[in-house]
Amino acid sequence: MGHPIDAAALDTLFREARSYSKWQLRAVSDDTLRDLYELLKWGPTSANAGPARFAFLRSKESKERLRPALAPLNVEKTMTAPVTVIIAYDLKFYEHLPRLFPQNPGMAKLFESNPEMVETTARRNSSLQGGYLIMAARALGLDCGPMSGFDHAKVDEEFFAAGKPCFGCDQEFFPEGHVKSNFLCNLGYGDPPSLHPRLPRLPFNEACSLL
Ligand SMILES: Cc1cc2nc3c(=O)[nH]c(=O)nc-3n(C[C@H](O)[C@H](O)[C@H](O)COP(=O)(O)O)c2cc1C
């Protein structure tokens, strides 16, 4: 704590990390996916709520369920990726607050009575957790291909609607489900020769202000 990580680690996490569309024929084990969650779960979220839910699609069958929802340009890269994660959020995340944020027993009630705050909090924090997933994956030597080009309604219906597995919760009273997709992320070991040259980023003075 208090010391920067070394330059090689910074390269791995940021400077040399790329978004991949083509993948080596190298599998990603379930143990690696567990290690991935065990790292990303430590990233901070509002009220320690951790509203993100992660569906790891590894089998051909689960990828085929996703295929109809994908934008055409995202089909090939997704079907060939060893794993595709649906980063989603649970609109009933506040039910876990008595366990996750016990020092403030009123917090769950606050969310329960304010659906707009639930939605905003769930989306903001699941996006952050998706970012933590990308950085954790890179830290474990994996490569990522994040994607927002897909039909959310189709994904939600196929994977998170009533009667479908819903992360240990009961969807009987939520016919449309209460878990919603945020974005997708392919995971695997990327194929460096397939990369285009790196695109520029805004320089400090265009993206930042020192006040
Ligand atoms: C939230 C998000 C959504 C994205 N959606 C898509 C997508 O639908 N299809 C795609 O090919 N790339 C998608 N990308 C990839 C970006 O275009 C890529 O990360 C960006 O150009 C930077 O590339 P680099 O990491 O190789 O520098 C997405 C990235 C993010 C973070």
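Quick word on the overall build of the protein
Check the secondary structure of the protein and you find nine helices and four strands. When the helices and strands of the protein are listed from N to C terminus, the series reads α-α-β-α-α-β-α-α-α-β-α-β-α. Relative to a compact globule of 211 residues, whose C-alpha radius of gyration would be 17 Å, the protein shows 18 Å and is just as compact. The principal-axis extents of the C-alpha atoms in the protein amount to approximately 50 × 50 × 35 Å. Partitioning the intrachain contacts of the protein with sequence separation of at least 6 by distance along the chain shows that 79% fall at a separation of at least 24. Of the accessible surface of the protein, which amounts to about 12,600 Å², a share of 58% is contributed by carbon and sulfur atoms.

As for the side chain of Asp 156
In this fold, Asp 156 is placed in helix α8 (residues 152–160). No salt bridge is formed by the buried Asp 156, whose closest oppositely charged neighbour, Lys 180, lies at an N-O distance of 4.7 Å. When near neighbours in sequence (up to four residues on either side) are disregarded, Asp 156 contacts Ala 161, Val 179, Lys 180 and Ser 181.

As for the packing of aromatic side chains
The relative placement of two aromatic rings is captured by the distance of their centres and the angle of their planes. Scanning the model with the defined rule gives five aromatic pairs in all. For the ring pair Tyr 20 and Trp 23, a centre distance of 6.3 Å and an interplane angle of 45° mean the geometry is tilted. Judged on exposure class, the residue Tyr 20 and its partner Trp 23 are both buried. Aromatic side chains Phe 159 and Phe 160 sit 6.4 Å apart centroid to centroid with 55° between the ring planes, which places their arrangement in the tilted category. On the basis of relative accessibility, which here comes to 8%, the residue Phe 159 falls in the buried class. Aromatic ring contacts, followed pair by pair, group Phe 93, Tyr 94 and Phe 111 into a single cluster. Sitting over the ring of Tyr 189, Arg 26 keeps its end group 3.7 Å from the ring centre.

Describing the nonpolar core
Buried together is how nonpolar side chains tend to be arranged in soluble globular proteins. The biggest cluster of nonpolar side chains holds 19 residues, and the ones touching the most others in it are Leu 36, Phe 54, Leu 133, Cys 185 and Leu 187. Those elements that place two or more of their residues in this core are α2 (30–40), β1 (52–57), β2 (83–90), α7 (115–139) and β4 (179–188). When residues of this core are assigned to their parent elements, the largest contribution, four residues, is made by α7. Look past the residues within four positions of Leu 133 in its chain and what remains in contact with it is Leu 36, Leu 40, Phe 54, Phe 56, Val 85, Cys 185 and Leu 187. Core analysis: the second largest hydrophobic core is formed by 15 residues, Ala 55, Val 75, Phe 159 and Phe 160 among them.

A few points about the pattern of salt bridges
For the coordinates displayed, the defined rule picks out nine salt bridges. For Lys 60, the salt bridge is made with Glu 64, and the minimal N-O distance between the two is 3.2 Å. Of the two residues, Lys 60 and Glu 64 are both situated in helix α3 (residues 60–66); the distance of four residues between them amounts to about one turn of the helix. A salt bridge links Glu 158 to Arg 65; its shortest N-O distance comes to 2.7 Å. Of this pair, Glu 158 sits in helix α8 while Arg 65 is found in helix α3, placing the two residues 93 residues apart along the sequence. When its relative accessible area of 29% is taken as the criterion, Arg 65 is described as partly exposed. Three or more residues are tied together by salt bridges with common partners; here these are Lys 60, Glu 64 and Arg 67.

What about unusual backbone geometry?
Even without being glycine, Ala 47 reaches a positive phi, approximately 55°. Topologically, Ala 47 is positioned in the loop between α2 and β1. Notably, Asn 48 is not glycine yet its phi reads approximately 55°, a positive angle. Here Asn 48 shows up in the loop between α2 and β1. Classification of Asn 48 as partly exposed rests on a relative accessible area of 42%.

About the cut-offs
Residues numbered from 1 in each chain as written. Predicted model: local features only at pLDDT ≥ 70, side-chain atom pairs only at ≥ 80, totals over all residues. Heavy atoms only, no water. Helix = DSSP H or I, 4+ residues; strand = E, 2+ residues; numbered from the N terminus. Rg over C-alpha atoms; globule rule 2.2 N^0.38 Å. Contact = heavy atoms within 4.5 Å. Areas by Shrake-Rupley, 256 points an atom, 1.4 Å probe, with all protein chains shown as cover. Buried < 20%, exposed > 50% of the residue type's maximum accessible area, 1.4 Å probe, protein only. Lys, Arg positive; Asp, Glu negative; His and termini not counted. Salt bridge = Lys/Arg side-chain N within 4 Å of Asp/Glu carboxyl O. Phe/Tyr/Trp six-rings, centres within 6.5 Å; stacked < 30°, edge-to-face > 60°. Lys NZ or Arg CZ within 6 Å of the ring centre and 35° of its normal. Core = buried A, V, L, I, M, F, W, Y, C linked by side-chain atoms within 4.5 Å.

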